[in-house]
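# Fold and geometry: a report
Each chain, written out:
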Amino acid sequence: MAFDVAGHYDRFMGRFSAPLAHLTVERLAPAPGTRVLDVGCGPGALTSELVARLGAGAVAAVDPSPGFVAAAATRLPGVDVRQAGAQALPFADGEFDLVLAQLVVAFVPDPVAGLREMARVGGRVAASFWDFGGQRSPLELFWRAVRDLDPSHPGEAGWAGGTRGDLARMFRAAGLAPVVDDELTVSAAYSGFEEWWRTYELGIGPVGDFVAALDAEQREALRHRCAELVPADGFEVEATAWFVVSS
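These notes cover the structure that comes with them.

Reading guide: rules and limits
- Along each chain, residue indices are assigned from 1 in the same order as the chain's sequence is written.
- Totals for whole chains, interfaces and linings use every residue, but because this is a predicted model, local features are given only for residues with pLDDT of at least 70 and side-chain atom pairs only at 80 or more, for both listing and counting.
- Heavy atoms from the whole structure form the basis of all side-chain values; hydrogens and water molecules are not counted.
- Here the nonpolar core consists of buried residues drawn from Ala, Val, Leu, Ile, Met, Phe, Trp, Tyr and Cys, with membership extended through side-chain atoms lying within 4.5 Å.
- Working definition: with a 1.4 Å probe on protein chains only, accessible area under 20% of the residue-type maximum means buried, over 50% means exposed, and in between means partly exposed.
- Residues count as neighbours in contact if any of their non-hydrogen atoms are within 4.5 Å of one another.
- In this analysis, rings of Phe, Tyr and Trp, with Trp reduced to its six-membered ring, are considered paired at centre separations within 6.5 Å, and the interplanar angle assigns stacked below 30 degrees, edge-to-face beyond 60, and tilted for intermediate values.
- Elements are defined by DSSP. Helices are runs of H or I of four residues or more, strands are runs of E of two residues or more, and each kind is numbered from the N terminus.
- Lysine NZ or arginine CZ positioned within 6 Å of the ring centre and within 35 degrees of the ring normal marks a charge as sitting over the ring.
- Here, axes are lines fitted to C-alpha atoms. For helices the fit covers the stretch in contact, and angles between N-to-C directions go from 0 to 180 degrees.
- For classification purposes, angles smaller than 35 degrees are called roughly parallel, those larger than 145 roughly antiparallel, those between 65 and 115 roughly perpendicular, and all remaining angles oblique.
- Helix crossings get a hand from a simple test, with the near helix turned counterclockwise from the far one by less than a right angle marking a left-handed crossing and a clockwise turn marking a right-handed one.
- The nonpolar class holds Ala, Val, Leu, Ile, Met, Phe, Trp, Tyr, Cys and Pro. Asp, Glu, Lys and Arg form the charged class, and all remaining residues, Gly among them, are polar.

## Examining the nonpolar core
With 88 residues, the main nonpolar core has L37, W130, F142 and W196 as its most contacted residues. W196 has contacts with L141, F142, Y190, C226, V230, F235 and V237, leaving out every residue within four places of it along the chain.

In structure tokens form, the structure reads like this:
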């Protein structure tokens, strides 16, 4: 499952994760002097928003991908960026006031353990993940086409944190008390079908794995079905993420 090609990730998911990061930071409104950690930072969409609000010296970030760590460190000089996963954070107890995990929980081997570890190093914990269960993710048009061709395919609906109430339940299982259990909605613009389709051929994440595993005939059938669902000219895709914050 490839995620660490920063430029490709920006083209595929970054057009959604960047506005989601902006909404997240606006919603949390961390005060000057707040020390924050971005867990699963990727190439730095949320980290960038935190730096803009708090300054590089107040922000740290981790990601298990060497490519993402290198990209975030290059893009955000002065930020403490380290290679680490959510279940083993290289920081002391209570080192941060706020720990965030944007679009990460489903990729943590044990999401509850990851949330518990985030709580160990921080005060408040905030996390978000796309509403796959409600078919409101940025990938819904793609998975709808897949299901049209193969009704038995589950898509990504069963992923941890991707259904109503799931993220809050994981917080409680980790010993965290959710004080916010809400949703955030963003949108991204495409010039037309061809731009949209090319992002699915970049090899990013589970979708990239799925497309790469198709033979030529299967890929063409999927492309054709997607073209029937997606406008040929300029359009926007709306996406909604669940958003939970602990006390």
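Picking up after the structure, the text goes on.
## A word on the packing of aromatic side chains
Enumeration over the complete set of coordinates arrives at 16 aromatic pairs. Ring geometry for F142 against W143: centres 5.1 Å apart, planes inclined by 80°, an arrangement best described as edge-to-face. In terms of burial, F142 and W143 fall into one category: buried. When the centroid spacing of 4.7 Å and the interplanar angle of 5° are considered together, the rings of F142 and Y200 count as stacked. A residue pair is termed long-range when its members are at least 10 positions apart, and F142 in helix 5 (residues 140–149) and Y200 in the loop between helix 7 (193–199) and helix 8 (205–213) qualify at 58 residues. Judged by relative accessible area, which is 2%, Y200 ranks as buried. Its end group placed over the ring of W242, R136 keeps NZ or CZ at 5.3 Å from the ring centre.

## Some remarks on the packing of helix 5 against helix 9 (residues 216–229)
The interhelical angle for the contact between helix 5 and helix 9, taken along N-to-C directions, is 120°, at an axis separation of 9 Å. Here helix 5 lies oblique to helix 9, going by the angle between them. Judged by the twist between their axes, the crossing of helix 5 over helix 9 is right-handed. Contacts between helix 5 and helix 9 involve L141, F142, R144, A145, V146, D148 and L149 from the first element and A221, L222, R225, C226 and L229 from the second. Its residues placed into classes, the contact of helix 5 with helix 9 shows nine nonpolar, no polar and three charged.

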